[in-house]
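# Descriptive analysis of the structure
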Amino acid sequence: MDSTANGAREQQHVEERCAAAIRALTGEPELRFRGGRLHRGHTRLAIHAPHLHPGAGDDLGSFRGAADGLALRVRHSDAELHRMLRPTEPIPRLVLDMLEQFRVEALAPEHLPGIVTNLRHRHVAWSRQFHHSGLTETARGLLLYTVAQVCRARVTGQPVVEETRDVIEHTRAALATRMGGSLAGLRRHRHDQHSYAEHARTIADLVGEMLRGADEGGAGAPHRNGSRAGLPLIDDEDDASVPTPSAETGHSRAFTAGEGYRVFTTAHDREQATSSLVRPELLTQYRRQLDRSIAAQGLNLVWLARALEALFSEPAVNGWDGAQEEGRLDGRRLAQLVASPAERRLFRTERTKLVTDCLVTFLVDCSGSMKQHAESVAVLVDVFAHALERIGGTSEILGFTTGAWNGGRAMRDWRRAGRPPHPGRLNERRHLILKGAETSWHRARHNIAALLKTDLYREGADGEAVTWACDRARKQPQNNRFLVVVSDGSPMDSATNLTNDEHYLDQHLTQVVRHEERAGATRIHGLGVGLDLSAHYGRSHALDLSEGVSNGVLAEVVGMLSGGRRR
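Everything quoted here is computed from the prediction, not taken from an experiment. (Residues numbered from 1 in each chain as written. Predicted model: local features only at pLDDT ≥ 70, side-chain atom pairs only at ≥ 80, totals over all residues. Heavy atoms only, no water.)

What the protein chain contains, in helices and strands, is 19 helices and 13 strands. For the protein chain, with 567 residues in total, the buried portion stands at 54%. Put simply, 76% of the contacts in the protein chain that link residues at least 6 apart link residues at least 24 apart. (Helix = DSSP H or I, 4+ residues; strand = E, 2+ residues; numbered from the N terminus. Buried < 20%, exposed > 50% of the residue type's maximum accessible area, 1.4 Å probe, protein only. Contact = heavy atoms within 4.5 Å.)

This is how it looks when you write it as structure tokens:
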């Protein structure tokens, strides 16, 4: 692996560690970095304070400081209120963004001095970068830098950066006469965002007025479409959240008219193990490809196994330890007490071991649109099955698709029958078994790799697949059963939609999920690949697999399962 790849992997590790720190401080499990930007689930958080964007040349302390600053921003700042109060002009907006960040940093918990140290480290590093870039040599750059130094010092009670104290002294004195009252207000109202913003807005407008009309040829000035030494002005499009698309659903007249879900014919339906569909040589080739992909992602299987063990395992009695000095009296050792009155080892204690009593079924949507995610999904389910086996858990990996496009033989039979209206599901259902509950991961590993054979991917009826997976789970002895449906959209079968209506399969899926949830035997989760599946699943989570499977993605799935854990 070349140095570029190593650098990318190291950067990913840093971001994962920082994201973990942010989640710990905020208590929000969906926060993570993607593309260097903080996201809540699939929504990018618009946080523009310039010193919160360390670069590749910064040390780990800077990244930790920026992470702590982001955590405090999420925890203590009302994003909607800040958006309402932001000025429309670029420079005042930048200043208000900085001042709001300084406010939340002043609220760092006193019992966590490491956070204060990290924040200070990042501020000093950013200040030095700004100064050494030469921006403090221009009037505009010096004014912005001085405002940042003076305001942060006043709000947090920490001194300005010593290295540039003399550089800013003259500008600092000039500012004191014009914004002294507002500076005092910042410190006084740091616990009240709205009151604080009134003073911050006054300072921001004053700075904008001082710089308005200044003509320095752009030297040292931050620009709307770029940045200078960490003073970015983000475009307006970054202010808006970027939500995950949602699965569409609606009312099906055909579903109601036909008194529920129907299937025109089951004559061509199949339930097949993937070993019967893919040549052994090709399965071996796919398995090698899958192993290379897992290795390239640097996934931490040991961590995943421990996380799943903490989630699913419970202590169970596994015999007794005798000859103990405390515990329950062991009647078999009373005779020893008579022979040796000083003997104290007359007790016994229960011996326990961790037992994992769970079944996790992954049901993979093998429709055509999932082809682009095939390798990432294969990595995800394979790694989870491997980790579950390590801790004594049980897993199934199933898939669902159709045997043909556009109805196949079922459509032919319907035409021969005179094309009766509302025929119901009109295609050849194909359910795939990649790993059964009784099969070990080691024996099933080649079959799991069949997910890479994308010519198996056609169309699908999700509702029937969910029923099938739940029926299989009910036959297993585990008390805790989880079904994770991995899909990138609503059910889709062109022949069924054309002969019924476009929401026929949607409504059936929603009905099936509600029925199974009421039955209570299996907890169902919809894991949307780039899509919000909450229209169909009461428990859902949107997952971004555009950059493959990372340890952060594994943590998201563990977090999703923890929300459905049952004891």
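Inspection of every chain in the model, using the stated rule, returns 3 cavities of 30 Å³ or more. Reported here for the largest cavity is a volume of approximately 50 Å³. In terms of lining, the largest cavity is formed by H82, L85, L96, E100, Q193 and A197. Looking at the lining of the largest cavity, the elements with two or more residues in it are α3 (79–85), α4 (90–105) and α8 (193–211). Residues of the lining of the largest cavity, tallied by class, amount to 3 nonpolar, 2 polar and 1 charged. (1 Å grid on protein atoms, 1.4 Å probe; cavity = no way out; pocket = protein on both sides within 12 Å on 5 of 7 lines; lining within 4 Å. Points joined across faces, edges and corners; volume = space filled by probe spheres on them. Nonpolar A, V, L, I, M, F, W, Y, C, P; charged D, E, K, R; others polar.)

Moving on, we get to the sheet that holds strand β4 (residues 270–273). As summarised here, the arrangement of the 7 strands in space is β4-β10-β9-β8-β11-β12-β13, forming an open sheet in which the pairing is mixed. Since the sheet does not close on itself, it has two edges, and those belong to β4 and β13 (540–543), each with one partner. Across the sheet, the mean angle separating the axes of adjacent strands is 20 degrees when strand polarity is ignored. Where strand β8 (residues 358–365) and strand β11 (residues 480–487) come together, 7 bridges link them in parallel fashion. Bridge assignment links L359 to a residue of β11, and that residue is R481. (Pairing = 2+ DSSP bridges. Axes fitted to C-alpha atoms, helices over the stretch in contact; angles between N-to-C directions.)

As a further point, take the packing of helix α6 (residues 139–156) against helix α7 (residues 165–188). Here α6 crosses α7 at 45 degrees, and the two axes come no closer than 9 Å. With respect to α7, the element α6 is oriented oblique. Remark: the crossing between α6 and α7 carries right-handed chirality. Listed contacts from α7 to L142, L143, Y145, T146, V147, Q149, V150, C151, R154, V155 and T156 of α6 are V167, I168, T171, R172, L175, G180, L183, A184, L186 and R187. (Parallel < 35°, antiparallel > 145°, perpendicular 65-115°, else oblique. Left-handed = near helix turned anticlockwise from the far one by under 90°.)

The geometry of helix α5 (residues 113–132) relative to α6 is characterised by a closest axis approach of 11 Å and an angle of 165 degrees between their N-to-C directions. One element, α5, and the other, α6, form an angle in the roughly antiparallel class. The chirality of how α5 crosses α6 is left-handed. Here L119, R120, H123, W126, S127 and F130 of α5 lie close against α6, whose contacting residues are G141, Y145, A148, Q149 and R152. Residues belonging to the contact of α5 with α6 are distributed by class as follows: 5 nonpolar, 4 polar and 2 charged.

Before going further, it helps to spend a moment on the pattern of salt bridges. Applying the stated criterion across every chain yields a total of 25 salt bridges. The residue R86 makes a salt bridge to D97 at a minimum N-O spacing of 2.6 Å. With R86 in the loop between α3 and α4 and D97 in helix α4, this pair connects stretches of sequence that are 11 residues apart. Here R86 and D97 have matching classes, each one buried. (Salt bridge = Lys/Arg side-chain N within 4 Å of Asp/Glu carboxyl O.)

With that settled, the discussion passes to the nonpolar core. In this structure, L308, F312, L380, F384 and L561 are the most contacted members of the largest nonpolar core, which totals 58 residues. Residue contributions to this core peak at 11 residues, all from helix α13 (residues 374–390). Those residues in contact with L561 that sit more than four places away from it in its chain are L311, F312, F384, F482, V484 and H525. L143, A153, V160 and L186 belong to the second-largest nonpolar core, a separate cluster that totals 34 residues. (Core = buried A, V, L, I, M, F, W, Y, C linked by side-chain atoms within 4.5 Å.)

Turning next to helix α18 (residues 504–519). A rise of 1.5 Å per residue sets the reference length of α18, with its 16 residues, at 22 Å; its end C-alpha atoms lie 23 Å apart and thus fit the reference within 8%. For α18, every residue scored as buried is listed here: Y504, L505, D506, Q507, H508, L509, T510, V512, V513 and E516. For α18, the elements touching its buried residues are α9 (253–257), α16 (462–474), α17 (494–499) and β12 (523–529). (Expected span 1.5 Å × (residues − 1).)

Okay, the confidence of the model for the protein chain next. Confidence in the prediction for the protein chain averages 85 pLDDT; 87% of positions are at 70 or higher. Per-residue pLDDT stays below 50 along residues 215–230; that stretch engages in 38 contacts with residues further than four places along the chain or on separate chains. Every residue in residues 232–242 is under pLDDT 50, and counting partners more than four places away or in other chains gives 33 contacts. (pLDDT = per-residue confidence, 0-100.)

On to the side chain of H373, then. Mapped onto the elements of the fold, H373 is located in the loop between β8 and α13. Each residue touching H373, except ones within four places of it in the same chain, is listed here: D488 and V529.

Attention shifts here to the environment of T401. Tracing the backbone through its elements, the reader meets T401 in strand β9 (residues 394–402). For the pair formed by T401 and H431, sequence separation is 30 residues and the distance between their alpha carbons is 6.4 Å. Not counting residues within four places of it along the chain, the set of residues in contact with T401 comprises C366, E428, R429, R430, L432, L456, Y457, R458 and E459. There is a polar contact of 3.1 Å between the side chain of T401 and the backbone oxygen of C366. Within the structure, T401 has its side chain in polar contact with the backbone oxygen of E459 (distance 3.3 Å). (Polar contact = N/O pair within 3.5 Å; in protein donor to acceptor, adjacent residues only side chain to side chain.)

What follows is about the packing of aromatic side chains. Under the defined criterion, the tally for this structure stands at 5 aromatic pairs. One aromatic cluster is present, formed by W126, F130 and Y145 through successive ring pairs. For R103, the ring lying beneath its charged end belongs to Y196, and the centroid distance is 5.9 Å. (Phe/Tyr/Trp six-rings, centres within 6.5 Å; stacked < 30°, edge-to-face > 60°. Lys NZ or Arg CZ within 6 Å of the ring centre and 35° of its normal.)

Take the side chain of T356 next. Take T356: it is sitting in strand β7 (residues 347–356). Look at T356 and you get buried, because its relative accessible area is 10%. A distance of 2.5 Å separates polar atoms of two side chains, one belonging to T356 and the other to S313. At 2.7 Å, the side chain of T356 and the backbone oxygen of I391 are in polar contact. In contact with T356, not counting residues within four places along its chain, are F312, S313, I391, G392 and G393.

Attention now moves to the environment of A19. By the secondary structure assignment, A19 is in helix α1 (residues 3–26). Given a relative accessible area of 4%, A19 falls into the buried group. Taking the C-alpha atoms as reference points, A19 and D68, separated by 49 residues in sequence, lie 9.6 Å from one another. With residues near it in sequence (within four places) discarded, A19 still touches L31, R32 and F33.

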